[in-house]
Every structure is written in structure tokens, then in C-alpha cells.
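Report on the structure
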Amino acid sequence: MLIPLYGFLRGDTIGLVVLVHDRQTMAEVAACLQEAASVRVAPAPSARVYVRGRPLEPSVTVAEAGLRPLDRVDVVQEAA
Amino acid sequence: MLRRDEWIDLARKLDWEYSYVDEREVFPELTSGRPWLPHAAWAGWDEPYKTSFTEYVVNQSAKDADVYAARDAVGRVEDFQKLDPAWLGSLKLHGATLPLAEFAAVVGNLRAARFGRDSAWRTMATFAALDEFRHTQIPLLIMHELIRFDPQFDWTHRFLHSNDWVAIAGRHLVDELLLAANPIEIAIATNFVFETGFTNLQFIGLSAMAHSAGDQVFERMVQSIQTDEARHSQIGLPVLRTVIEHDRDYAQYLIDKWFWRSWLFFAVVTGFSMDYLTPLAHRTQSFKEFMDEWILDQFQRALDDVGLARPWYWPQFLDALENYHHMVYASAYTYRATVWFDFALPGPAERAWLRDKYPRTWPLLDPIWERISARWRDAGPQVEWYTHGVTPVTFCHLCQLVLCGGTPAHNSARWLEHEGESYVFCSEPCEWIFRSEPERYQRHKDVVKRILTGEAPANLVELVRGYFGLSQDCWGRDVRRGDYPWLHAARPDAEGGR
């Protein structure tokens, strides 16, 4: 199932709507948001997804994280 | 023959006691506003600067003649073609947001001209409605001449009739501010907060900027509008004083609500112009300096005078003053095809100026412009899409503007579950306004919800063309199409480049 999420990349100036599949992992969600914001923020090789202030493991899927349509995710790039 | 001061009160104060109907039927609370008070409570309503119909007509006629003279002398297409393209972007932005918002003000003032609670108030509101007709017609007249040289000027009229995201936000503001509000709320929200607090002084700053940029027509137009605003904005204070006397909490609520709502729109329109679209050589002060000097001192003094507190979110507002319009401008630059005016890319000199003016916040914003500049450098001039976003952006359910609150380090967006629905807001004050009157706001759909319910297309090109109503000859671009000397100089393969 496709789920629209409100994504906020740290360092960016605006929130974006990213459409992800509930089978996708947090690593893929982070990559998706970084790509969407790449015109303003250079993507980093690694980034962590935070939901309600808690970091999620990169392997956790959208469904496992219990994310619902229009939930907020924050993505923070990690130093290489 | 009577002297002016002997008859002016008879002309402006003409109230009588009703014998066939009840006062509440003549001025129902629904249309006249709350607190509902008998006329005796309003009888002392007094405007400091008084005018008669004859004086009004004579003065306005002279002001119109002055604007038309400037247009005839220096308002030809060739005159506008000499202006800096970035300044023209500012002109298109102001041109579009002025006329139909002013026309909504005609409606709001006419409601006050009928349902205001004192005859002097109603007389002033009648003048104000006539003022707002001028403010609708003058920009339409001046910008209409320019459509043949640049079709983006057509948006002076088209803007508020469109579903462009800025227009949705603009309508959400002016519909509530002017079309749906009762005369008491209009007086406090529009005359006291929006006009006395913001636009009256904004127009002084704008006319100075226009003068510096060599745009004499816009300068005269704004000066002409400002003198009207200065007169009719005085409706607000006597209404506010009476409301404070009978319901202080409600008065404070209206101030807090409308200062925030006015600020957001003002920051976008005026912040863009002062810090980005006015050529660097013509800038006299930053948007923040302008706000500090002209708006904040004056507004805080006005609140002190009536014994009200500063809005509860004042510290957040002061933070926003150094961030919000920068956040929106950088975002909008990378979604410029979604609006009807062109954007300037700040170069090294502009960025140094911004760093100097915003030393606390600019370090977090500068990397965004470094990134955008690098992409222009990679792509070369004309390749607009390489510095343009394609993913739908997010919107605040209250102000309908993009979620650009906070800083690049922390976006201040907030979530609220209300009656089984999820709502998102750009800031705590926007959430607070929604929570205060959810029935007023909950059914309005922002652009994202319109996309998700199928009312608007998700594909950005389809959204821009089919829903926002922007054609290829009108949508926004970079003012120089990425062709900046400093970008060439920094290109590794350029002669003499590094």
C-alpha cells in the first residue's frame, strides 16, 4: 500500500510529501526524501529517520513503524 | 454661514433612537459583531482626523490626478523595461496581491458602513470602501498596460481568481479578514492590526524602495494608497477601546490572532521584496531592520497605549522575523514555476549582505544557496529544471502557506488530531488559532488534501498548468535564467575561472 508522508530533512527549508510503499525500509524512506530535497540539500550516503523524536532502525519497514498517511518523519543525515 | 467645526459633527454623527424596531434588530449581533452593546456604549466613538464628503472628493480627485500624471509621464512600457528584472518580480508580486484583496476590503468596509455601531464609524467606513475601490482600480489600470510587454502582469487580475497555492492562502486570509468578518472584527483585525500595524507603514517603506529602484509609478501609487490607509486605519482604535472596556479577553484574542495571520502574509510579500527582489544597490535596510524600526516599536506602543499585552507568542515571532521569509523564499525559488513572478538568485554580494544583516540565522540558510548555485553551475544557463523541485510540498491547514516555520535545523510543523481528522500546522500560533475556532477552519482543504482527494493532480506539471492555471509564458523563472557573471566566473572550465 502506498502511504503519503510529510518528510522534513534537517538542513532543508520546507516539508515535502513523499509517497512510499508500506514495505519500504526507513533507509529507503530517507533516500527518497533526500532525493526529493536534493535541489536544496546535497544527499548524504547515510541518513536516519526519526518518528516522534525517536530514531528508527534503517531496516524497519513503514508498516512495522506503524506509520499512517500524513504522519511526520524527520530525516537527519549522518556523517560518512 | 457655519464654520466647518460647527457643522462637521452634524455631518458625521447622525444617530437616532428607534421607535418602530428594536436596536438589536437593526444591528443584529451576527452581522454587527460582539460584544453587543447598546448604542450608548458606542456614542463616544470618535476619529481623530475628520473629513467631510466634499473634502474627501476634492482630496481623492487630486490624488488620482497625481497618480495618472506619473503614469502618463513615466509609466510607458519603455520605462518599465529599464527597471531591474528582480524589481519587476516584486512589482508583479505586489501587483497581484493588492487589487482583489483591496476589493474584498470594499465589501468588508461596506458591511461596516451599514452595521457599524455608530454613525461616525459608518461614515468613515463609507470613505474606506471608496478608498478600497481606488486601491483595486489603480494597480489594475497601471499593470494592464504592461501585459503586452510581459504576460506575467496579467496575474494582477487573474491571481485571486486562480487556484494557485499563494492565491488559496491569500483568499483564506482575506475571506476571513474582510468578507466573513463582522464590523468589530474587521475594525480590530483590518484597521488596527493589518493597516495600523503593518500596511500603513509598509507602504512608506515600499515607496522609498520604489523611489530608490527608479520606479516612480509604483512609488506614487503606493504613496497615494498609504494616505488613504492612514485615514481609514483610524477606525480601529476607537472600536478596540470600546471592546477592551467590555470584553478585554476577546480584544486580546483578536489582536493575537490577527497579528500572526497578518505577519505571515506580510513576511512573504514584503520580506521577499526587501531582502531579495530589490537590487542590492537600492536596498536601504533589511526586512528585519524595517520591521524593528517601523512596525515593532509602533505596534508595541499602540498596545501599551490601550493596556493590552504583546501577543503570547512574541518570542516565537521574534525568531520568525529572522527566519521565516528566508525559509519561504529559498523554498519558493526552487518551486518558482508554481507562481507568476520571477525570482532572483542571491549571488556572493547579496549573500554577504544577508549574512551581515542576519548574523544569527544566515549560517544555516547559506548552504541552501550554495547548493542551488552549484546546480546552476553544473547545468548552465536556461536549464531551469535542474534547480527546480518536482515533489509536492506541504501546507499549513490554517494559513495555507508552505510548511516553512522554524529553522533548517528544526521545522516547527505541528500535528493535531481533531474529531478523527489529522491536521498539520506550520507553527504553534497557527495551531492555536485553529484550536480556538475549529468549526471555522476544519473543513477547508489545503493543497495536499486536494491532491489526496483527487480534486487536484499530484503531478507537478499538471498541478501547475491545470490547477494553478499557470501557462508556460507566465510561470516563474530565475530572473536571469541562471546567467549570472559570478556563476560563470566560478565555473571550473571558464576562462579565468578557478
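Everything quoted here is computed from the prediction, not taken from an experiment.

Calculation criteria
Per chain, the residues get numbers from 1 upward, laid out in the order the sequence is written. Chain letters start at A and ligand numbers start at 1, both assigned in the order the entries are written. Reporting in this predicted model follows two pLDDT cut-offs: at least 70 for local features of residues, and 80 or more for side-chain atom pairs to be given and counted; totals over whole chains, interfaces and linings ignore these cut-offs and use all residues. By convention in this description, side-chain values take in all heavy atoms of the structure and omit both hydrogens and water. Under the scheme used here, helices are H or I runs from DSSP no shorter than 4 residues and strands are E runs no shorter than 2 residues, and both carry numbers assigned from the N terminus. C-alpha atoms define the radius of gyration in this analysis, and the globule rule sets the expected value at 2.2 Å times the number of residues to the power 0.38. Only protein chains enter the calculation, and the probe is 1.4 Å; a residue is then buried if its accessible area is under 20% of its type maximum, exposed if over 50%, and partly exposed in between. Residue contacts follow a heavy-atom distance rule, with two residues in contact if any of their heavy atoms lie within 4.5 Å. For accessible areas, the Shrake-Rupley method is used with a probe of radius 1.4 Å. Any residue's cover is judged against the shown protein chains and nothing else. A residue counts as positive if it is Lys or Arg and as negative if it is Asp or Glu; His and the chain ends are not included. One atom stands in for each charge, and that atom is NZ of Lys, CZ of Arg, CG of Asp or CD of Glu. Per-residue confidence from the predictor is given as pLDDT, running between 0 and 100. Throughout, the accessible surface (probe 1.4 Å) given up by two parts as they are put together, summed over both, is called the buried area. Salt bridge, as used here: a side-chain nitrogen of Lys or Arg that lies within 4 Å of a carboxyl oxygen of Asp or Glu. Residues adjacent in sequence count toward polar contacts only when both atoms are side-chain atoms; beyond that, a polar contact is any pair of N or O atoms within 3.5 Å, and within protein one must be able to donate a hydrogen and the other to accept it. The pairing criterion for strands is at least two bridges between them, as found by DSSP. Residue count minus one, scaled by 1.5 Å, sets the expected span of a helix. The bend at a residue is defined as the angle formed between two axes, one fitted to the seven residues ending at that residue and one fitted to the seven starting there. The axes used here are C-alpha line fits, helices contributing only the stretch in contact, and every angle between their N-to-C directions lies in the interval 0 to 180 degrees. If an angle is under 35 degrees, it is roughly parallel; if it is over 145, roughly antiparallel; if it lies from 65 to 115, roughly perpendicular; otherwise it is oblique. Crossings are sorted by hand: turned counterclockwise from the far helix by less than a right angle, the near helix makes the crossing left-handed, and turned clockwise it makes it right-handed. Note that Gly is not counted as nonpolar here; it falls among the polar residues with everything else outside the nonpolar set of Ala, Val, Leu, Ile, Met, Phe, Trp, Tyr, Cys and Pro and the charged set of Asp, Glu, Lys and Arg.

Attention shifts here to the overall build of chain B. Helix and strand counts for chain B come out as 25 helices and 2 strands. What you see for chain B is a C-alpha radius of gyration of 24 Å, in line with the 23 Å of a compact globule of 498 residues. By principal-axis analysis of the C-alpha atoms, chain B measures approximately 85 × 60 × 40 Å. In chain B, buried positions account for 60% of the 498 residues. Residue pairs at least 24 apart in sequence account for 77% of intrachain contacts in chain B once pairs closer than 6 positions are excluded. With an accessible surface of roughly 19,600 Å², chain B has 55% of that area assigned to carbon and sulfur atoms. With 51 positive and 69 negative side-chain charges, chain B shows a spacing of 3 Å between the two charge centroids.

Quick look at the overall build of chain A now. Each helix and strand counted, chain A has 1 helix and 5 strands in total. Moving toward the C terminus, one meets the helices and strands of chain A in the order β-β-α-β-β-β. Computed over the C-alpha atoms, the radius of gyration of chain A is 11 Å, within 12% of the 12 Å expected from 2.2 N^0.38 for a compact globule of 80 residues. Judged by the C-alpha coordinates and their principal axes, chain A covers about 30 × 25 × 20 Å.

Of all residues in chain B, 98% attain a pLDDT of 70 or more, and the chain-wide mean is 93. Both scores are available for the predicted complex, with the pTM at 0.95 and the ipTM at 0.97.

Below, the discussion takes up the interface of chain A and chain B. Put simply, an interface is often sized by how much accessible area is lost when its parts join up. Between chain A and chain B, the contact holds 23 residues from the first and 35 residues from the second. In total, chain A and chain B occlude about 2,200 Å² of area from one another, counting both sides; carbon and sulfur atoms represent 63% of this. In terms of surface lost to chain B, no three residues of chain A exceed T13(A), V39(A) and R40(A), which account for 29% of the buried area on that side. Counting the contacts that link chain A with chain B gives 1 salt bridge. With its nearest N and O atoms 3.7 Å apart, the salt bridge here joins E417(B) to R68(A). Counting every contact that joins chain A to chain B gives 11 residue pairs in polar contact (both at pLDDT 80 or more). Within the residue set of the side of chain A that touches chain B, elements represented by two or more residues are β1 (2–9) and β2 (16–21) of chain A. Element by element, the count of residues in the side of chain A that touches chain B is highest for β1(A), at 4 residues.

The next point concerns the pairing of β1(A). Residues and elements named next belong to chain A. With 7 of 8 residues buried, β1 is to be regarded as a mostly interior element. Counted between consecutive antiparallel strands, the loop separating β1 from β2 contains 6 residues, among which G11 sits at a positive phi close to 105 degrees. Bridge count for β1 against strand β5 (residues 72–78) is 4 bridges, and the pairing is parallel. Bridged to G7 within β5 is V73.

For the rest of this paragraph, the subject is helix α15 (residues 248–277) of chain B. With 30 residues, α15(B) should reach 44 Å at 1.5 Å per residue; the first-to-last C-alpha distance of 41 Å fits that figure. Along its length, α15(B) reaches its greatest deviation from straightness, about 35 degrees, at A267(B).

This part covers the sheet that holds strand β4 (residues 54–55) of chain A. All names here are of chain A. Within the open sheet, the 5 strands sit side by side as β2-β1-β5-β3-β4. Their pairing is mixed. Two strands close off the open sheet at either side, each with one partner strand: β2 and β4. In the sheet, β1 pairs with β2 via 6 bridges, with the strands oriented antiparallel. Considered in β2, the bridge of G7 is made with L16. Contacts from helix α1 (residues 26–36) reach β1, β2, β3 (46–51) and β5, with the element oriented near 145 degrees to β2.

The next subject is the packing of α15(B) against helix α16 (residues 287–306) of chain B. Residue and element names in this part refer to chain B. Running from N to C, α15 and α16 point in directions that differ by 165 degrees, and their axes come no closer than 12 Å. When the axis of α15 is compared with that of α16, the two are roughly antiparallel. Judged by the sense of rotation from one axis to the other, the crossing of α15 with α16 is right-handed. Touching R248, I255, F259, W263, F266, A267, T270, G271, M274 and D275 of α15 are F287, F290, M291, I295, F299, L303 and V306, all from α16. Here the contact of α15 with α16 is composed, by residue class, of 13 nonpolar, 2 polar and 2 charged.

The next thing to look at is the pattern of salt bridges. Inspection of every chain in the model, using the stated rule, returns 47 salt bridges over all chains. Residues joined by salt bridges that share partners form a network here, namely K63(B), D64(B), D131(B), R134(B), D228(B) and R231(B).

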